Amino acid sequence: MSGIREMNFWWNHNLRQIRGLMEPQPGISFDNTEIAFGYKSKGELRKSYYLFRLIGNPGFVSFGKFATNLAINLHIPIGWAIKGNIFKQFCGGENIAECARATKILDQFHIGTILDYSVEGKDSEADFDRTRDETLQTIKTAHGNPHIPFSVFKVTGLARFELLEKVNAKEKLTDAEIAEWQRVRSRVDDICALAHDTDTPLFIDAEDSWIQDAIDQLTDEMMEKYNKEKAIVYNTLQMYRHDRLEYLKVSHQRAIHRGYFIGLKLVRGAYMEKERARAAEKNYRDPIQPDKASCDKDFDAAVDYCIEHIDRISICAGTHNENSSMRLAKMMDEKKIARNDKRVYFAQLFGMSDHISFNLANAGYNVAKYVPYGPIKEVVPYLIRRAQENTSVKGQTGRELSLILKEMKRRGM
Ligand SMILES: Cc1cc2nc3c(=O)[nH]c(=O)nc-3n(C[C@H](O)[C@H](O)[C@H](O)COP(=O)(O)OP(=O)(O)OC[C@H]3O[C@@H](n4cnc5c(N)ncnc54)[C@H](O)[C@@H]3O)c2cc1C
């Protein structure tokens with residue numbers, strides 16, 4: 001019976017792929033703001049416009065950061081001020097249930113949700129267990145739900161940063177630390193095991209370079225254990241690091257040698273200033289590429305390498321870069337990889353780069369958005385980072401704002 005079911009699955013899967021290749025492929029452009037903002041009413045569009053205008057002002061963002069942190073430290077309730085504005089733009093809700101609204105909207109436009117529990121900076125064992133339980137809950141929510149194609153977690157949500165630093169530096173651990181590290185490994189294993197058992201692909205985010213070897217080591221072990229039939233556990237490669245292209249090739253060889261599949265989320269990397277500052281302060285070679293062009297070149301080269309080895313490597317391009325997204329989309333068509341082939345995904349953050357997400361999804365590519373969630377007070381650091389990312393450089397109108405303006409004009413607003 002199970003043999004027949006497997007054959008049916010194989011046949012349906014391949015039929016879908018063949019159909020995907022034979023049907024005429026609609027062209028793709030990121031300029032279409034009608035598609036990009038089709039899910040927003042006029043009122044919502046206007047609200048986003050005012051929000052991006054506000055966070056485009058560097059003075060406002062600096063003051064907002066100071067005032068919000070002060071209010072939190074003084075226990076002044078500020079949730080009401082944040083929830084309907086910046087929180088609604090960039091987050092799905094305060095808990096998984098509240099994210100259902102975002103998932104439903106995204107799903108109407110064939111975009112998947114990645115529930116991202118975005119609580120940061122915790123450091124007690126109870127907090128780490130809580131984050132593990134919350135991540136397990138996201139996997140259970142994703143199980144059997146085609147609208148949630150991936151789950152995700154950060155190792156720093158499950159482990160003390162100083163412990164990761166010590167493991168990374170291969171320093172000798174005390175007996176208590178050995179036990180603590182064992183608890184970290186079990187939390188990671190619990191999450192990956194459930195992802196495997198429920199057939200829910202799982203991203204492990206990349207973090208600071210001085211803890212990343214420890215994360216890579218854990219992730220490689222999990223890939224070897226749970227990716228025997230296909231990519232379930234995905235590592236993340238930050239292509240702003242000059243050593244990651246080589247690391248990709250080594251990981252690939254290791255997977256061939258040991259007989260497992262690789263999942264990779266390719267990103268440029270989020271912590272450049274911190275990385276450069278630490279390298280300068282501690283006087284070691286800067287792990288970051290010398291310039292943006294080198295970073296872009298390696299990002300493209302990594303995408304090329306993964307596509308060339310798509311038989312073993314599944315990828316997700318986690319990027320808001322239009323050129324990188326368009327390049328991968330075109331490459332898939334050229335190489336006759338079906339646009340809905342599950343081994344290739346595009347991902348962006350909720351509330352950002354809708355022109356990329358919605359236009360790619362509209363053209364039939366696999367797209368998913370990180371939908372961060374958590375109690376408002378706890379996700380403030382995430383929101384501050386999003387605001388800073390959208391702060392204008394020398395008064396220029398940011399990309400998000402220009403796109404919203406374009407769509408408002410098109411709707412005659
Ligand atoms: C779905 C998703 C998941 C993500 N997951 C992670 C993660 O796990 N870990 C993580 O670190 N980040 C992650 N990020 C963030 C990501 O790394 C980038 O910070 C962000 O997406 C901006 O890069 P970009 O490719 O979108 O586009 P761009 O705007 O083209 O590139 C900006 C990026 O280029 C790099 N860069 C800029 N200037 C220079 C320079 N002078 N020299 C070298 N490099 C430079 C930096 O990485 C900078 O962030 C994720 C992003 C997305 C969308």
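Residues numbered from 1 in each chain as written. Predicted model: local features only at pLDDT ≥ 70, side-chain atom pairs only at ≥ 80, totals over all residues. Heavy atoms only, no water.

Draft legend 1. How the structure looks around the sheet that holds strand β5 (residues 262–267). A barrel is described by the order of its strands in space; here 8 strands give the closed sequence β1-β2-β3-β4-β5-β6-β7-β8, paired in parallel fashion. Pairwise comparison of adjacent strand axes, ignoring direction, gives a mean angle of 30 degrees for this sheet. Sheet topology note: the strand β6 (residues 313–318)/strand β7 (residues 344–349) ladder contains 4 bridges and is parallel. Opposite Gly318, over in β7, you have Ala347 as the bridge partner. The strands touched by helix α10 (residues 209–226) within the sheet are β3 (202–204), β4 (233–238) and β5, with β4 carrying the most contacts at an inclination of about 150 degrees. In the packing of helix α15 (residues 354–362) onto the sheet, contacts are made with β1 (111–117), β7 and β8 (367–373), and the angle to β8 comes to roughly 135 degrees. (Pairing = 2+ DSSP bridges. Helix = DSSP H or I, 4+ residues; strand = E, 2+ residues; numbered from the N terminus. Axes fitted to C-alpha atoms, helices over the stretch in contact; angles between N-to-C directions. Contact = heavy atoms within 4.5 Å.)

Draft legend 2. Layout of the nonpolar core. Ranked by internal contacts, the top residues of the largest apolar core, which has 79 residues, are Leu248, Leu264, Leu266, Ile307, Leu328 and Leu360. Other than its neighbours up to four places away in sequence, Leu360 contacts Ile28, Phe30, Ser325, Ala329, Phe346, Tyr365 and Val367. Judged by nonpolar contacts, the second largest core, of 36 residues, contains Leu45, Cys91, Ala347 and Val379. (Core = buried A, V, L, I, M, F, W, Y, C linked by side-chain atoms within 4.5 Å. Buried < 20%, exposed > 50% of the residue type's maximum accessible area, 1.4 Å probe, protein only.)

Draft legend 3. Focus on the packing of aromatic side chains. Applying the stated criterion across every chain yields a total of 12 aromatic pairs. Between Tyr39 and Phe109, the aromatic rings sit 6.4 Å apart at their centres with planes inclined by 65 degrees, giving edge-to-face as the arrangement. Taken together, the positions of Tyr39 in the loop between α2 (33–36) and α3 (42–55) and Phe109 in the loop between α6 (100–108) and β1 put the pair 70 residues apart, joining distant regions of the chain. Both rings, one in Phe346 and one in Tyr365, keep their centres 5.7 Å apart while their planes meet at 75 degrees; by these two values the pair is edge-to-face. Note that Phe346 is positioned in strand β7 and Tyr365 in the loop between α15 and β8, a separation of 19 residues in sequence. As far as burial versus exposure is concerned, Phe346 and Tyr365 are alike and both buried. The structure contains a cluster of three or more aromatic residues connected by ring pairs, namely Phe150, Phe203, Tyr234, Tyr345 and Tyr370. The ring of Tyr247 carries the charged tip of Arg244 above its face, separated from the ring centre by 4.3 Å. (Phe/Tyr/Trp six-rings, centres within 6.5 Å; stacked < 30°, edge-to-face > 60°. Lys NZ or Arg CZ within 6 Å of the ring centre and 35° of its normal.)

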